[in-house]
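Structure at a glance
Each chain, letter by letter, is given below.
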Amino acid sequence: MLYPESKMMSAGYDPNQFEGSLKAPIFSTSTFTLKSCQEAKEAFEIAFGLKDSVPGKKVENIYSRLNNPNLSILEERLAILEKSEDAAVFSSGMAAISTTFHQWLQPGDLVIHSAPLYGGTYHYLKAILDKWNIKTIEIDPTDQAEDIYLKVKNSFEEFRVGMIYLETPANPTNTLYSIREASKAAEMFSETGEKPLVVVDNTYLGPLWQKPLVHGADLVLYSATKFLGGHSDLIAGAAMGSGELIREMKLLRTFMGNMPDPWTCWLIMRSLETLHLRMEKQCSNAETVAEWLSHHPLVEEVLLPSMLRPIQDSQQFKIYKQQCERPGSVFSFRIKGGEKEAFKFLDSLKMIKLAVSLGSTESLAEHPYTMTHLDLFDDREKYGVTPNLVRISIGVENAEDIISDISEAMEKVETMAETGLVVK
Ligand SMILES: *Cc1c(COP(=O)(O)O)cnc(C)c1O
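Below is a summary of the structure that appears in this document. (Residues numbered from 1 in each chain as written. Predicted model: local features only at pLDDT ≥ 70, side-chain atom pairs only at ≥ 80, totals over all residues. Heavy atoms only, no water.)

Description of the overall build of the protein chain
Inclusion rule: Helical segments are the DSSP runs of H or I of at least four residues, strand segments are the runs of E of at least two, and each set is numbered from the N terminus. Radius of gyration means the value over C-alpha atoms here, while the globule rule gives 2.2 Å times the residue count to the 0.38 power. The classification of residues rests on relative accessible area computed with a 1.4 Å probe and restricted to protein chains. Under 20% of the type maximum is buried, over 50% is exposed, and intermediate values are partly exposed. Contact between two residues is taken to exist if any of their heavy atoms lie within 4.5 Å; hydrogens are not considered. Only the protein chains shown count as cover for residues, and the accessible areas themselves come from Shrake-Rupley with a 1.4 Å probe. Positive charges come from Lys and Arg, negative ones from Asp and Glu, while His and the chain ends are left out of the count. Taken as the charge centre is NZ of Lys, CZ of Arg, CG of Asp or CD of Glu, depending on the residue.
The secondary structure content of the protein chain amounts to 13 helices and 12 strands. Taking 2.2 N^0.38 as the reference for a compact globule, 424 residues should give roughly 22 Å; the C-alpha atoms of the protein chain span a radius of gyration of 23 Å, in line with that estimate. Principal-axis analysis of the C-alpha atoms places the extent of the protein chain at approximately 80 × 55 × 40 Å. The buried share of the protein chain, reckoned over its 424 residues, is 54%. Relative to all contacts within the protein chain whose residues are 6 or more apart in sequence, the contacts with residues 24 or more apart total 73%. As displayed, the protein chain has an accessible area near 18800 Å², and 54% of this comes from carbon and sulfur atoms. Taken as two groups, the 42 positive and 58 negative side-chain charges of the protein chain have centres that lie 2 Å from each other.

Topic: the packing of helix α3 (residues 69-82) against helix α9 (residues 262-272)
For clarity, the threshold we go by: Axes here mean lines fitted to C-alpha atoms, for a helix over just the part in contact, with angles spanning 0 to 180 degrees between N-to-C directions. Crossing chirality is assigned from the near helix's rotation relative to the far helix, an anticlockwise turn below a right angle marking it left-handed and a clockwise turn marking it right-handed. All residues other than Ala, Val, Leu, Ile, Met, Phe, Trp, Tyr, Cys, Pro, Asp, Glu, Lys and Arg, Gly among them, are scored as polar; the first ten of these are nonpolar and the last four charged.
At a minimum axis separation of 9 Å, α3 and α9 run at an interaxial angle of 35 degrees. Read as a crossing pair, α3 and α9 show a hand that is left-handed. Side by side, α3 and α9 meet where Asn-70, Leu-71, Ile-73, Leu-74, Arg-77, Leu-78 and Leu-81 of the first sit next to Pro-262, Cys-265, Trp-266, Ile-268, Met-269 and Leu-272 of the second. Looking at the contact of α3 with α9 residue by residue, the class counts come to 11 nonpolar, one polar and one charged.

Focus on the site of the ligand
For clarity, the cut-off: Here a residue is near a molecule or strand as soon as one of its heavy atoms is found within 4 Å of it. As used in this structure description, the phrase polar contact means that two N or O atoms lie within 3.5 Å; if the pair is within protein, one of them must be able to donate a hydrogen and the other to accept it, and residues adjacent in sequence are counted only when both atoms belong to side chains.
Surveying the vicinity of the ligand reveals the residues Ser-92, Gly-93, Met-94, Ile-97, Tyr-118, Glu-167, Asp-201, Thr-203, Ser-223, Thr-225, Lys-226 and Ala-236. At 2.8 Å from an oxygen atom of the ligand is found a main-chain nitrogen or oxygen belonging to Met-94. Summarising the interface, the protein chains cover 93% of the accessible area of the ligand, which totals 380 Å² for the free molecule. Per element, the largest residue contribution to the shell around the ligand is three residues, and it comes from helix α4 (residues 93-104). Class assignment of the residues belonging to the shell around the ligand gives a composition of four nonpolar, five polar and three charged.

Focus on the sheet that holds strand β9 (residues 330-335)
Strand pairing in a sheet relies on backbone hydrogen bonds. The paired strands run either parallel or antiparallel. Which entries qualify depends on this criterion: Strands are treated as partners if at least two bridges between them are detected by DSSP.
What the five strands build is an open sheet, ordered β8-β9-β12-β11-β10; its pairing is mixed. Of all strands in the sheet, those bounded by a partner on one side alone are β8 (299-303) and β10 (353-354). Across the sheet, helix α10 (residues 275-294) is in contact with β8 and β9; its angle to β9 comes to roughly 10 degrees.

Focus: the pairing of strand β3 (residues 135-138)
For the record, the criterion: If the strands point away from the viewer and the path from the first strand over the helix to the second runs clockwise, then the crossover is right-handed.
Across four bridges, the pairing between strand β2 (residues 109-113) and β3 is parallel. Of the residues in β3, the one forming a bridge with His-113 is Glu-138. You can see the chain leave β2, run along helix α5 (residues 119-128) and come back into β3, and the turn it takes is right-handed.

Considerations on the nonpolar core
Across soluble globular proteins, nonpolar side chains show a tendency to be buried alongside one another. Which entries qualify depends on this criterion: In this text, buried Ala, Val, Leu, Ile, Met, Phe, Trp, Tyr and Cys residues form a nonpolar core when linked through side-chain atoms within 4.5 Å. For every domain, the bounds stem from an assignment made automatically or drawn from a database.
Phe-101, Ile-112, Ile-164, Tyr-165 and Phe-189 are the most contacted members of the largest nonpolar core, which has 52 residues in total. Mapped onto the domain boundaries, this core takes at least three residues apiece from domain 1 (15-29 + 64-272) and domain 2 (275-418). Apart from residues lying up to four places away in sequence, Phe-189 is in contact with Ile-112, Ile-148, Tyr-149, Val-152, Val-161, Ile-164, Glu-194 and Pro-196.

Thoughts on α5
Residues of α5 that are buried: Gly-119, Thr-121, Tyr-122, Tyr-124 and Leu-125. On its buried side, α5 packs onto α4, β2, β3 and β4 (160-167).

Geometric values such as these leave the question of function open.
Here it is in structure tokens:
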């Protein structure tokens, strides 16, 4: 048995079928020639969910909105990576998320969710699903299964629990939610109705360091724009789970038409070959940089899970030990002062670019309070998104260069303080 990283170069593709081409070609075609009407009939029956595919027998390609070899090969590799039965790819992370909501929610449902959520997800839940009479309830990171159950029973008894949706670790604070407690709560709701799906957005930590399905999640979602793509050159999404759930999602994708194009899939296939290398390096760089930052006199706090203290942060520390293997490479820190100091720091960085997005080969930094998390408005402080918070996604550069860039930018903040702008 090969390890997943050893399979990323070849799984799902046979060079002998394509002139010996070592790498899978880009299947830039909208439609496929069908061998016979009988084969076409079968292929359509499988594509529209009327019939199961025969294990081991190749599913015929029909039309690139339904399937295409670049999508299929990528999906096979993503399932290997996640150790799931199947995977489905989408045109963006938001496409994967919105398709999940459309597939499993109906009017009169309640969605239980963690907080804060990615801005796009939050907007979808609050502004778009609300129009369909789908309500939401937020849970706390400290909530156990019983707490989740009681919160719902006390205030939303007439609603059907349609889904438990977690984003853990949460962007931008790395707040952790227990997938096991959410899964236990789902079991409790199943006593009075259907068991709601537990869905985990695993984008922020990335696919290597946390396996939500192992901890009781039914479905894992990714913005493949981030670690899976990893080079800031594409937008895509992915979902992994049981064969049955993914089949349902692919069927809806056919009608929503939100699949990625073959070229994007090809780029992600290329990226998967170095996923382990990139994520290992990014993570070790992040640990080095976070450690350095934690000793800097202008830094109040560094929010990387490996910095959690066993006693003082016992609840978060316990979840970290239970479900994450490593701390990842995206974290925030609080600079002494406020927005002015955070802006000075960010504007003074040279190698590290000011940009949103994360998980790529290059280091990026941004200001959640006025950028990615602006849409939380008055709730920002409640979630720890303060004006002095700076988010940084660590890349694969030499850690010494990252630290020098940060160190020089910190000096600019110090100079600003000395010349009259007071650091509180
Ligand atoms: C970026 C991101 C998304 C949205 O993904 P897109 O590919 O931009 O649509 C969803 N969730 C998280 C946690 C993200 O960081």
